[in-house]
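Residue-level structural notes
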Amino acid sequence: MRFVKGHGTENDFVILPDPDGALELTAEAVARLCDRRAGIGADGVLRVVRTKAMDLDGAGPDDALLSGAEWFMDYRNADGSIAEMCGNGTRVFARYLVDAGLAAPGEWDIATRAGLKRVTLGASGEVSVDMGAPVALGPGEASIGGAVFRGERVSMGNPHLACRTDRPVAALDLSRAPDFDPAVYPDGVNVEFYRPVGDRHLEMRVFERGSGETRSCGTGTVAAAVAAAGESGPGEWTVDVPGGRLTVTLDGRTSHLRGPAVLVAEGETRPGWI
Ligand SMILES: N[C@@H](CCC[C@H](N)C(=O)O)C(=O)O
């Protein structure tokens with residue numbers, strides 16, 4: 001199985017080119033690929049499949065996806081679970097398509113389980129993605145070791161709870177999942193902890209559903225900016241995560257995420273290993 005390894009602000013992915021949808025990618029196979037000791041190691045897998053070859057729960061993609069984008073990002077979390085959307089993943093996916101000669105630099109759509117996402121990129125450098133309109137769902141809470149954090153529930157196609165803290169985020173213990181009420185989050189939730197550190201400037205850490213603590217989360221940074229923006233309205237936000245810096249733009253209609261997307265290696269798994 002051929003693979004490429006890449007990351008966006010150290011949110012890292014195993015990219016599997018599978019244009020004709022021939023790979024049978026089980027949850028177990030994804031978990032083995034993402035294993036940081038016994039596998040290649042990653043926060044998730046990006047399967048690169050032509051939209052027309054994509055099987056979505058036994059059904060094909062709808063007409064909007066089919067006519068809107070040649071390539072589908074089939075994203076999986078490190079534990080093998082499927083998620084609707086991955087912001088850093090779309091940026092790394094786009095960089096891979098251009099690097100592999102499968103798309104030209106410029107502006108075009110990628111199909112995802114959360115709909116079409118428009119990416120903008122040059123032959124090298126940063127990648128920007130239109131993440132769509134964030135949906136603010138009201139207050140929520142999570143706790144770490146009994147300490148309660150209050151925040152805002154936000155849907156970015158996938159579920160988020162963005163909690164404000166006034167202490168440096170480095171002090172948080174994210175070695176295990178924050179506790180939350182499963183009745184409120186029946187599909188689980190990605191939990192962000194953010195602290196304002198300047199004018200429209202946040203620091204953030206995240207515990208991702210299906211992947212644990214990661215060094216960055218694109219959908220999570222947009223959710224944190226939405227929660228922090230509150231009444232302050234549209235604008236550009238700088239979000240510092242352990243893996244680097246992302247820029248989020250909120251304009252009241254949609255949201256944009258911009259930052260680095262880097263390919264670092266390519267190879268082939270050993271015959272029979274997976
Ligand atoms: N790291 C991603 C989000 C990946 C999906 C998430 N773990 C979920 O289950 O919803 C990002 O950059 O957005």
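Residues numbered from 1 in each chain as written. Predicted model: local features only at pLDDT ≥ 70, side-chain atom pairs only at ≥ 80, totals over all residues.

Looking at an unreviewed UniProt entry, one finds the protein named Diaminopimelate epimerase, with Actinomadura montaniterrae as its source organism. Looking at the protein in UniProt, the text filed under Catalytic activity (unreviewed entry) is "(2S,6S)-2,6-diaminopimelate = meso-2,6-diaminopimelate". The UniProt entry for the protein carries this comment under Function (unreviewed entry): "Catalyzes the stereoinversion of LL-2,6-diaminopimelate (L,L-DAP) to meso-diaminopimelate (meso-DAP), a precursor of L-lysine and an essential component of the bacterial peptidoglycan." (UniProt positions renumbered as here; feature names shortened; annotations may be inferred.)

Another point: the pairing of strand β16 (residues 255–259). Here β16 shows one buried face, formed by S255, L257 and G259, and one open face, formed by H256 and R258. Bridging between strand β7 (residues 127–130) and β16 involves four bridges; their strand directions are antiparallel. Along β16, the bridge assignment pairs V129 with L257. Relative to β16, strand β15 (residues 244–250) is paired through four bridges, and the arrangement is antiparallel. Within the sheet, the bridge partner assigned to T247 lies in β16 and is R258. If you look at the hairpin formed by β15 and β16, you'll find four residues sitting between the two strands, and G252 has a positive phi there, around 85 degrees. (Buried ≥ 20, exposed ≤ 12 C-beta atoms within 10 Å, placed from the backbone. Helix = DSSP H or I, 4+ residues; strand = E, 2+ residues; numbered from the N terminus. Pairing = 2+ DSSP bridges.)

Our focus in this paragraph is the site of the ligand. Contacts to the ligand come from 18 residues, most closely from A83, N88, N158, G218 and T219. Looking at the shell around the ligand, the elements that each hand over two or more residues are α3 (87–99) and α4 (218–229). Among the elements that take part in the shell around the ligand, α3 stands out by supplying three residues, more than any other. Two domains share the shell around the ligand, each providing at least three of its residues, namely domain 1 (2–130 + 260–268) and domain 2 (135–253). (Near = placed C-beta within 6 Å. Domains from an automatic or database assignment.)

We now examine the UniProt feature "binding site: substrate" (unreviewed entry) in the protein. Sequence positions flagged by UniProt for "binding site: substrate" (unreviewed entry) are, in local numbering, N11, N77, G87, N88, N158, N190, E208, R209, G218 and T219. Assignment of secondary structure puts N190 in strand β11 (residues 190–198). Here N190 falls in the buried class, since 25 other C-beta atoms lie within 10 Å of it. Those residues in contact with N190 that lie beyond four places of it in its chain are N158, P159, H160, V206, E208, R209, C217 and G220. Within the element layout of this structure, G218 appears in helix α4. Residues contacting G218, with those up to four places away along its chain left out, are G8, C86, G87, N88, R91, L246 and L257. (Contact = placed C-beta atoms within 7 Å.)

Turning our eyes to something else, we now look at unusual backbone geometry. Non-glycine residue T9 carries a positive phi angle of around 50 degrees. Here T9 lies in the loop between β1 (2–8) and β2 (11–17). Here E10, not a glycine, exhibits a phi torsion of approximately 70 degrees, which is positive. Structurally, E10 is set in the loop between β1 and β2. The class of E10 is partly exposed, set by 16 C-beta atoms lying within 10 Å.

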